[in-house]
Amino acid sequence: MKSFECKVQSFQGLHAQSAMRLTREAQKYSSVIIAVYEERRANVKNVMELMGLKAGKGAEIVFAAEGEDEEQAAEGLRELCQRFL
């Protein structure tokens, strides 16, 4: 399992557009990818679950990928987080 933490920098928090970008990226991989914020967990391949985290500015979200392409999945999502969150 590969995991990393991402701090939400956007004043809008994890909004629909950034959630959709993360979901599209996650769907490229066969790995199971989850995001955890506070007590909530979300399948990153499901935009509604991801938005259900209700992560605002300053939130620290942990992303974890597990599967045959977990390295690539974690790196791809990490890059998006740095650019869009």
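Report on the accompanying structure. (Residues numbered from 1 in each chain as written. Predicted model: local features only at pLDDT ≥ 70, side-chain atom pairs only at ≥ 80, totals over all residues. Heavy atoms only, no water.)

## What to know about the nonpolar core
Across soluble globular proteins, nonpolar side chains have a tendency to be buried as a group.
At step 1: Counting 26 residues, the largest nonpolar core has Leu14, Leu22, Ile33, Val44, Leu50, Ile61 and Phe63 as the members making the most contacts within it.
At step 2: Contributions of two or more residues to this core are made by strand 1 (2–7), helix 1 (16–26), strand 2 (32–37), strand 4 (60–66) and helix 3 (70–84).
At step 3: When residues of this core are assigned to their parent elements, the largest contribution, 5 residues, is made by helix 3.
At step 4: In contact with Phe63, not counting residues within four places along its chain, are Lys2, Ser3, Phe4, Cys6, Leu22, Ile34, Ala35, Val44 and Cys81. (Core = buried A, V, L, I, M, F, W, Y, C linked by side-chain atoms within 4.5 Å. Buried < 20%, exposed > 50% of the residue type's maximum accessible area, 1.4 Å probe, protein only. Helix = DSSP H or I, 4+ residues; strand = E, 2+ residues; numbered from the N terminus. Contact = heavy atoms within 4.5 Å.)

## A few points about the packing of aromatic side chains
At step 1: Under the definition given, this model contains 1 aromatic pair.
At step 2: Positioned above the aromatic ring of Phe84 is the side chain of Arg21, whose terminal nitrogen or guanidinium carbon lies 3.9 Å from the ring centre. (Phe/Tyr/Trp six-rings, centres within 6.5 Å; stacked < 30°, edge-to-face > 60°. Lys NZ or Arg CZ within 6 Å of the ring centre and 35° of its normal.)

## Observations regarding the pattern of salt bridges
At step 1: The final tally for this structure, using the stated rule, is 4 salt bridges.
At step 2: Put simply, Lys28 and Glu25 hold a salt bridge, and the shortest N to O gap is 3.0 Å.
At step 3: The exposed category is assigned to Lys28, whose relative accessible area is 60%.
At step 4: Where Arg40 meets Glu38, a salt bridge forms, and the shortest distance between an N and an O atom there is 3.9 Å.
At step 5: Relative accessible area serves as the criterion here: at 33%, Arg40 is assigned to the partly exposed category.
At step 6: Here Glu38 falls in the exposed class, since its relative accessible area comes to 54%. (Salt bridge = Lys/Arg side-chain N within 4 Å of Asp/Glu carboxyl O.)

## Considering the state of the cysteines
At step 1: All told, the structure shown has 0 disulfides when counted by the stated rule.
At step 2: Looking at Cys6, it has no disulfide partner, and the nearest cysteine sulfur is the one in Cys81, 3.3 Å off. (Disulfide = S-S within 2.5 Å.)

## Regarding the pairing of strand 3 (residues 40–43)
At step 1: In terms of strand pairing, strand 2 meets strand 3 through 4 bridges, oriented antiparallel. Pairing of Tyr37 across the sheet is with Arg40, part of strand 3.
At step 2: Between strand 2 and strand 3, which follow one another and run antiparallel, lie 2 residues, and Glu38 among them has a positive phi close to 55°. (Pairing = 2+ DSSP bridges.)

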